[in-house]
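Structural overview for review
Listed here are the chains, written in short residue letters.
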Amino acid sequence: MTQLSPLYEGKAKIIYATADPEILLAEFKDEATAFNAQKRGAIQNKGVMNCAIASHLFRYLAAQGIPNHFIAQVAPNQMHIRRVEIIPLEVVVRNRAAGSLCRQTGLPLGLELNPPLVEFYLKNDALGDPLLTGDRLRLLQIATDEEVAQITQMALAVNTHLSRFFAECGITLVDFKLEFGRSQRGEILLADEISPDSCRLWNQEETDPEKRILDKDRFRQDLGAIEEAYALVMQRVLAHSIP
Ligand code: TMP
Ligand code: ASP
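Presented here is an overview of the structure given in this document. Remember, predicted model here, so these are calculated numbers, not experimental data.

Cut-offs used in this document
Residues numbered from 1 in each chain as written. Chains lettered and ligands numbered in written order. Predicted model: local features only at pLDDT ≥ 70, side-chain atom pairs only at ≥ 80, totals over all residues. Heavy atoms only, no water. Helix = DSSP H or I, 4+ residues; strand = E, 2+ residues; numbered from the N terminus. Buried < 20%, exposed > 50% of the residue type's maximum accessible area, 1.4 Å probe, protein only. Phe/Tyr/Trp six-rings, centres within 6.5 Å; stacked < 30°, edge-to-face > 60°. Lys NZ or Arg CZ within 6 Å of the ring centre and 35° of its normal. Near = heavy atom within 4 Å. Polar contact = N/O pair within 3.5 Å; in protein donor to acceptor, adjacent residues only side chain to side chain. Areas by Shrake-Rupley, 256 points an atom, 1.4 Å probe, with all protein chains shown as cover. Axes fitted to C-alpha atoms, helices over the stretch in contact; angles between N-to-C directions. Parallel < 35°, antiparallel > 145°, perpendicular 65-115°, else oblique. Left-handed = near helix turned anticlockwise from the far one by under 90°. Contact = heavy atoms within 4.5 Å. Nonpolar A, V, L, I, M, F, W, Y, C, P; charged D, E, K, R; others polar. Core = buried A, V, L, I, M, F, W, Y, C linked by side-chain atoms within 4.5 Å. Expected span 1.5 Å × (residues − 1).

**Considerations on unusual backbone geometry**
Each neighbour pair has its own omega, and for Asn 114 with Pro 115 the value is 5°, a cis peptide bond. The residue Pro 115 is located in strand β10 (residues 112–122) in this model. Non-glycine residue Asp 192 carries a positive phi angle of around 55°. Summarising the element assignment, Asp 192 is placed in the loop between β12 (188–191) and β13 (199–203). Residue classification places Asp 192 among the buried residues on the basis of a relative accessible area of 15%.

Spelled out as structure tokens, the structure:
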């Protein structure tokens, strides 16, 4: 399919139009940012690794009945996706305390959260992606109450499936961020990507709190061996069959 002009360039992906108005092309970049792009760098081969990981996870979630925007992987760092209107929310699910939850509450790193937490952040870098309350979510009219309920339910279902998937790969899914969109038909679809950029993943074979980190925290915290961590996630994810 012919690729047209870029529609949008984000921090980790470029989105192109295609000849089919319902289908977009997402190209995954090696560039990496953290802390709302205050820290910038590149992770060698990240585009290819994240595209492969996300493609596999989207296929797996579709097989589990989670509707998502993925159509097909069309190149090592490119996938065709269904065109959606992105809902400007970052939906974070947490199974263990880490990151901003520890910083903001003082909870100890790794504390098990049962039931898992579902949090909504406003997707707006200029405002620093603030955490929203239920009332603020309603005030901003970003999504209807029904959509918020549906997104919460989908996020928890994604968590159930992905936690099991990663456990079978010897990896603990600590937390992750999802984005959702509305399709032309008004259906809510899981969108964006699921990768070591958007998840916290701990290697169950390591007890050392730094060595076990297999995600973008290696970049955020300058821990080194970032490419190796992403490659290990890719290898284990791709080796996990899709039912
Ligand atoms: P946090 O602990 O920094 O709030 O992050 C929670 C999860 O969301 C973690 O897996 C990293 C992911 N995340 C993103 O994908 N994009 C973001 O902009 C942020 C802040 C977090
Ligand atoms: N994705 C965000 C950024 O690029 C933050 C993060 O992942 O830490 O700045």
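**As for the packing of aromatic side chains**
Evaluated as defined, the whole model comprises three aromatic pairs. Aromatic side chains Phe 58 and Phe 70 sit 6.2 Å apart centroid to centroid with 20° between the ring planes, which places their arrangement in the stacked category. On the criterion of sequence distance, the pair formed by Phe 58 in helix α1 (residues 46–63) and Phe 70 in strand β6 (residues 70–75) is long-range, its members being 12 residues apart. On the accessibility criterion, Phe 70 (12% relative accessible area) is buried. Taken together, the ring pairs connect Tyr 60, Phe 165 and Phe 166 into an aromatic cluster. The side chain of Lys 13 reaches across the aromatic face of Phe 28, ending 5.5 Å from its centre.

**Looking at the site of ligand 1**
Arg 94, Ser 100, Asp 175, Lys 177 and Arg 200 are the nearest of the 15 residues found near ligand 1. With respect to ligand 1, the side chain of Arg 94 contributes an N or O atom lying 2.9 Å from an oxygen atom. Measuring from an oxygen atom of ligand 1, one finds a side-chain N or O atom of Asp 175 at 2.6 Å. For ligand 1, whose accessible area on its own is 450 Å², the fraction buried by protein is 80%.

**So, the packing of α1 against helix α4 (residues 145–168)**
The interhelical angle for the contact between α1 and α4, taken along N-to-C directions, is 120°, at an axis separation of 11 Å. The orientation of α1 relative to α4 falls into the category oblique. Here the hand of the crossing between α1 and α4 comes out right-handed. Only Val 158, His 161, Leu 162, Arg 164, Phe 165 and Phe 166 of α4 make contact with α1, whose side of the interface consists of His 56, Leu 57, Tyr 60 and Leu 61. Grouping the amino acids of the contact of α1 with α4 by side-chain chemistry returns seven nonpolar, two polar and one charged.

**Description of the nonpolar core**
If you look at the biggest cluster of nonpolar residues, it comprises 57 residues, and the most contacted ones within it are Met 79, Phe 166, Phe 180, Leu 190 and Ile 194. Each residue touching Ile 194, except ones within four places of it in the same chain, is listed here: Ile 53, Ala 54, Leu 57, Phe 58, Leu 61, Leu 162, Leu 178 and Cys 199.

**Comments concerning helix α6 (residues 226–239)**
Counted at 1.5 Å a residue, the expected span for α6 with its 14 residues is 20 Å, and the 20 Å between its end C-alpha atoms agrees. Taken residue by residue, α6 has Ile 226, Ala 229, Tyr 230, Val 233, Met 234, Arg 236 and Val 237 as its buried positions. Looking at the buried positions of α6, the neighbouring elements they touch are α1, α4, β11 (171–183), β13 and α5 (217–220).

**Comments concerning the site of ligand 2**
Near ligand 2 you find Lys 11, Thr 33, Ala 34, Phe 35, Asn 36, Ala 37, Lys 216 and Arg 220, and these make up its full shell. One of the backbone nitrogen or oxygen atoms of Asn 36 is found 2.6 Å away from an oxygen atom of ligand 2. Between Arg 220 and ligand 2, the recorded distance is 2.8 Å, taken from a side-chain N or O atom to an oxygen atom. About the coverage of ligand 2: the protein hides 77% of its 270 Å² of free accessible area.

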